[in-house]
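Residues per chain are reported as follows:
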Amino acid sequence: MVPEHIQSLLPELVAWRRHLHAHPELGYEEYKTQAFIMKTLESQGLKPYAAGDTGVAVDIGASGPLVLARADIDALPIDEEADVEYRSQNPGAMHACGHDGHVAMMLGVAKILPELLAQSGGRARLIFQPAEEKHPGGALKMIRDGVLDGVSRVTGLHLQAEMPRGRIGARIGVQSANSDRFRILIEGRGGHGSAPHHTIDPIPVAGQLIGALQTLVSRHVNPTDAAVVTISAIQSGSAFNAIPSAAELKGTVRTFKQEVRDSLEGAMRTMVEATAAASGARAELDYMRGYPSVVNTEPEWRLFRAVVDEYAGPDAWMDIDERMGGEDFSYYLQERPGVFWNLGAQIGPNPYPHHHGCFTWDEAVMPLGLFIMARTIMAYTGA
Ligand code: NI
């Protein structure tokens, strides 16, 4: 259970979180957020430094194995609809994914960790990463700036508004999806709407592709594997009586396994080119790989599970499913062993989902979150 001196940090955590919530900044624009984190860490007697352009890192502890713990700090391009007193004061930006809470909890970790590590040994690098929501992801910039240098294990957490309050879960192995984007440009030949035989109409080709691409999921991918192909934008034409010369489709592909990702991309390319060719058109697939899957390592999962059972109580644990969302913490896990975990913070029976303008979550879970984060860091240092 959470010790009293950590539980009593709640008002301060809430104040930090609400300040950040009222002043959200989008990816790579987190200047005020960065300054706020710096100032708060300095007021705690620490020596933070800038990393990843608009991010922050701070090292704690004198000697021993070095563990990295990450909070993401960016907001989303969404107008806040929630009627709360600390609502966003920046139109077009909102902390609609809980990253404000991630920052507040990590500032709390920074507050309690120096004393804990002074007793037990071991070192921690706490990082506040920009642009988790914006491809190609702030994690790559942080890694480029050397935040993984000397690090032996990594951890990070995400609040989940659709998971019961105070419950904690993580998977062994794959936990989130490979998150890719694509654009298909179909080139035909435009002309008068009354004379289709003089044109190469790109619109029926687009229509065929919309249907045909779903057969890749149902006919090409092994039924025991998972994949999503979503076409999210269609653009072509503007007049009642003209056949346009081109059409564009955009969308996203989500997969868990690398093999499925590779073979789906190849099959899509074949289908796009061949479907267009069958109508005398030309089509090109621009397939843009995004975040890879979060893959947790088993030894670190076992250490984490033991921390949760000991410090949050055996009832706190919750087995979770893979999610089709993307998460750039995967880049740290490609380089170092570790665990990315979820903390439930649900309010009421029908919570708004993440990335919704009414998104909200229960601030009361923050002391538990930072306590488990601090204990996980200690476990990962071998203390
Ligand atoms: Ni998020």
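Residues numbered from 1 in each chain as written. Predicted model: local features only at pLDDT ≥ 70, side-chain atom pairs only at ≥ 80, totals over all residues. Heavy atoms only, no water.

Caption draft 1: Region of the structure containing the coordination of the nickel ion. In this structure, Cys97 (SG), His99 (NE2) and His158 (NE2) serve as the protein donors to the nickel ion, at separations of 2.2 to 2.3 Å. Mapping the donors of the nickel ion onto the primary sequence yields the spacing C-x1-H-x58-H. Pair check on accessibility: cysteine 97 and histidine 99 agree, each one buried. (Donors = N, O, S within 2.8 Å, 3.2 Å for Na, K, Ca; no water. Buried < 20%, exposed > 50% of the residue type's maximum accessible area, 1.4 Å probe, protein only.)

Caption draft 2: Quick peek at the packing of helix α3 (residues 31-43) against helix α4 (residues 99-120). α4 packs onto α3 with a crossing angle of 20 degrees between their chain directions and a minimal axis gap of 10 Å. Here α3 lies roughly parallel to α4, going by the angle between them. Judged by the sense of rotation from one axis to the other, the crossing of α3 with α4 is right-handed. Here Phe36, Ile37, Thr40 and Leu41 of α3 come into contact with α4, specifically with Val103, Leu107 and Ala110. Of the residues that constitute the contact of α3 with α4, the class distribution is 6 nonpolar, 1 polar and no charged. (Axes fitted to C-alpha atoms, helices over the stretch in contact; angles between N-to-C directions. Helix = DSSP H or I, 4+ residues; strand = E, 2+ residues; numbered from the N terminus. Parallel < 35°, antiparallel > 145°, perpendicular 65-115°, else oblique. Left-handed = near helix turned anticlockwise from the far one by under 90°. Contact = heavy atoms within 4.5 Å. Nonpolar A, V, L, I, M, F, W, Y, C, P; charged D, E, K, R; others polar.)

Caption draft 3: Expanded view of the sheet that holds strand β6 (residues 168-169). Taking strand neighbours across the sheet as the criterion, the 7 strands line up as β1-β2-β4-β3-β5-β15-β6 in an open arrangement whose pairing is mixed. Taken across any chain shown, the strands that pair with only one partner, and hence form the sheet edges, are β1 (49-51) and β6. Where strand β3 (residues 66-72) and strand β5 (residues 151-160) come together, 5 bridges link them in parallel fashion. Its bridge partner being in β5, arginine 70 is matched across the sheet by glycine 156. Contacts between α3 and the sheet are confined to β1, β2 (55-60) and β4 (123-129), with β2 contributing the most and set at about 20 degrees to the helix. (Pairing = 2+ DSSP bridges.)

Caption draft 4: Just the environment of glycine 64, in detail. You can see glycine 64 is positioned in the loop between β2 and β3. Residue class for glycine 64 comes out partly exposed when judged on its relative accessible area of 34%. Those residues in contact with glycine 64, other than ones at most four positions away along the chain, are Gly122 and Arg123.

Caption draft 5: Just helix α8 (residues 298-311), in detail. For α8, with 14 residues, the first-to-last C-alpha span of 20 Å sits near the 20 Å given by 1.5 Å per residue. All of the buried residues in α8 are Glu300, Trp301, Phe304, Val307, Val308 and Tyr311. Along the axis of α8, the buried residues cluster in a sector spanning 120 degrees; they form a single face. Facing away from the buried side of α8, by more than 90 degrees, are the exposed residues Pro299 and Glu310. Here the buried face of α8 lies against β5, β6, β15 (338-344) and α10 (366-381). Positioned one or two residues after α8, glycine 313 has a phi angle of 95 degrees, which is positive. (Expected span 1.5 Å × (residues − 1). Arc of directions from axis to C-beta.)

Caption draft 6: Inspection of the nonpolar core at higher detail. Core analysis: the biggest nonpolar cluster contains 68 residues, and Leu113, Leu126, Phe128, Phe304, Trp341 and Ile372 have the highest contact counts within it. With 25 residues, the next largest nonpolar core counts Phe182, Ala206, Leu216 and Ala267 among its residues. (Core = buried A, V, L, I, M, F, W, Y, C linked by side-chain atoms within 4.5 Å.)

Caption draft 7: Here's a closer look at the domain arrangement of the chain. Domain annotation of the chain identifies domain 1 (4-176 + 292-382) and domain 2 (178-288). The C-alpha centroid of domain 2 is placed 38 Å from the C-alpha centroid of domain 1. The interface of domain 1 with domain 2 comprises 10 residues on the first partner and 10 residues on the second. Per-residue buried area on domain 1 facing domain 2 is highest for His135, Pro292 and Met324; these three make up 63% of the total on that side. Scanning the region where domain 1 abuts domain 2 turns up 3 residue pairs in polar contact (both at pLDDT 80 or more). Residue composition of the side of domain 1 that touches domain 2, by class: 3 nonpolar, 5 polar and 2 charged. (Domains from an automatic or database assignment. Buried area = accessible area lost by both parts, 1.4 Å probe. Polar contact = N/O pair within 3.5 Å; in protein donor to acceptor, adjacent residues only side chain to side chain.)

Caption draft 8: Structural detail: the layout of surface pockets. Each pocket or cavity is described by its volume, and for the largest pocket that value is around 580 Å³. In terms of lining residues, the largest pocket is bounded by 24 residues, among which Cys97, His158, Gly325, Gly326 and His355 are the most central. Partitioning the lining of the largest pocket into residue classes produces 6 nonpolar, 12 polar and 6 charged. Two domains each provide a minimum of three residues to the lining of the largest pocket, namely domain 1 (4-176 + 292-382) and domain 2 (178-288). Quantified by volume, the second largest pocket comes out at close to 160 Å³. (1 Å grid on protein atoms, 1.4 Å probe; cavity = no way out; pocket = protein on both sides within 12 Å on 5 of 7 lines; lining within 4 Å. Points joined across faces, edges and corners; volume = space filled by probe spheres on them.)

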